[in-house]
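Analysis of the macromolecular model
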Amino acid sequence: MKTIDCRNMACPLPVVTVKRALAEAAGEPLEVLLDEGAPRENVSRFATNRGFLVQERSTEQGPVLLISGNPLAAEQPTAKREGATVILIGSDRMGDGPEELGRLLLKNFIITLLDLAATPDRLLFVNSGVFLTTEGSEVLEALEKLGNRGTEVLSCGICLDYFQRKDKLRAGAVTNMFTIAESMLQAGSAVRI
Amino acid sequence: MVRDGDFVALFNSIHRVMKAEKELKARGLPILLIPAPRALQTECGLAIRYAATERVAVEDALAEGGVEPVELYVKRDEEYVRIR
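Residues numbered from 1 in each chain as written. Chains lettered and ligands numbered in written order. Predicted model: local features only at pLDDT ≥ 70, side-chain atom pairs only at ≥ 80, totals over all residues. Heavy atoms only, no water.

Turning our attention to the state of the cysteines. All names here are of chain A. Overall, the coordinates contain one disulfide over all chains when judged by the stated rule. What pairs with C156 in a disulfide is C159, and their sulfur atoms sit 2.3 Å apart. Judged by the sign of its S-S torsion, about 80°, the cystine formed by C156 and C159 is right-handed. The burial state of C156 is the same as that of C159; both residues are buried. (Disulfide = S-S within 2.5 Å. Buried < 20%, exposed > 50% of the residue type's maximum accessible area, 1.4 Å probe, protein only.)

In structure tokens:
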């Protein structure tokens, strides 16, 4: 059984790390060391929502979650999801029309994702879309919540550089075109906004 | 996106809610334009969320700007309680 240490990680990194580890574990149980409070609660909620069995025990090093079960095996064939859902956000607004309305619509789209039963696996922000993941964005709170539910938030490094916002990234991580292209082509469902 | 104790103001048109947002932001008030909670019926589907600590400042600003909400709710124990 694999054990991973997710202590001293800022939210939503514990959930993102556990999500990757569970994918790599391919059904094998996973033991996770976590900090008390939000990290423990977020990881526990994430795994439970995905159909895993979560058992908790306290140790001197802090809480440890034992995550087991293979949720894919329990799913009905008709309900099986083929691949990840990836959303590419290529602008800081949604649709053509007045800028003000477009910004408002995109902001609302992101917040509305929180109300959906199945949140996307990955949100990719490119071009002026990076204004949503950086300082001053009004969706940082929503992106953090999505991160805690297992959505990976990635911003294009070239774009952050172009807009001189590399040091202002406040949600998720930086990515490159290789990962963006690979994510889009390997996704079960890729949506461009 | 709405925590217990937060206030949610509803407006009757997209133009009113956008005007209200501008008015509040111009005063530097920490508000957020959000999709209206599903439990609340609105025509434009948008709402403004603010914390109880900002209530007086927000509602004064909306009254002064001539963009008072048509309905006002507070979230208590997962329920939206209408107060106006």
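A few words now on the pattern of salt bridges. Residue and element names in this part refer to chain A. Enumeration according to the criterion identifies 28 salt bridges over all chains in this entry. E36 is paired through a salt bridge with R40; the nearest N and O atoms lie 2.7 Å apart. Assessed through its relative accessible area of 54%, E36 is described here as exposed. R122 is paired through a salt bridge with E152; the nearest N and O atoms lie 3.0 Å apart. One end of the pair, R122, is in strand β6 (residues 122-125); the other, E152, is in strand β7 (residues 152-156), and 30 residues separate them in sequence. On the basis of relative accessible area, E152 is assigned to the buried category, the value being 10%. Here the residues in one salt-bridge network are D92, R93, E99 and R103, joined through shared partners. (Salt bridge = Lys/Arg side-chain N within 4 Å of Asp/Glu carboxyl O. Helix = DSSP H or I, 4+ residues; strand = E, 2+ residues; numbered from the N terminus.)

Let us now look at the domain arrangement of chain A. Buried accessible area, meaning the area lost when the parts come together, often serves as the stated size of an interface. All names here are of chain A. For chain A, the assigned domains are domain 1 (2-74) and domain 2 (85-192). On a C-alpha basis, the centres of domain 1 and domain 2 stand 25 Å from each other. The interface is formed by nine residues belonging to domain 1 together with eight residues belonging to domain 2. For the pair domain 1 and domain 2, the two sides together bury roughly 760 Å², of which 44% comes from carbon and sulfur. The interface formed by domain 1 and domain 2 contains three salt bridges. Of the charged contacts, one joins E152 and R20 as a salt bridge, the two residues approaching to 2.5 Å between their closest N and O atoms. At the surface where domain 1 touches domain 2, the tally comes to five residue pairs in polar contact (both at pLDDT 80 or more). Sorting the residues of the side of domain 1 that touches domain 2 by element identifies α1 (13-25) and α2 (38-49) as the ones contributing at least two each. No other element matches α1, which puts four residues into the side of domain 1 that touches domain 2. Classifying every residue of the side of domain 1 that touches domain 2 gives five nonpolar, one polar and three charged. (Domains from an automatic or database assignment. Contact = heavy atoms within 4.5 Å. Buried area = accessible area lost by both parts, 1.4 Å probe. Polar contact = N/O pair within 3.5 Å; in protein donor to acceptor, adjacent residues only side chain to side chain. Nonpolar A, V, L, I, M, F, W, Y, C, P; charged D, E, K, R; others polar.)

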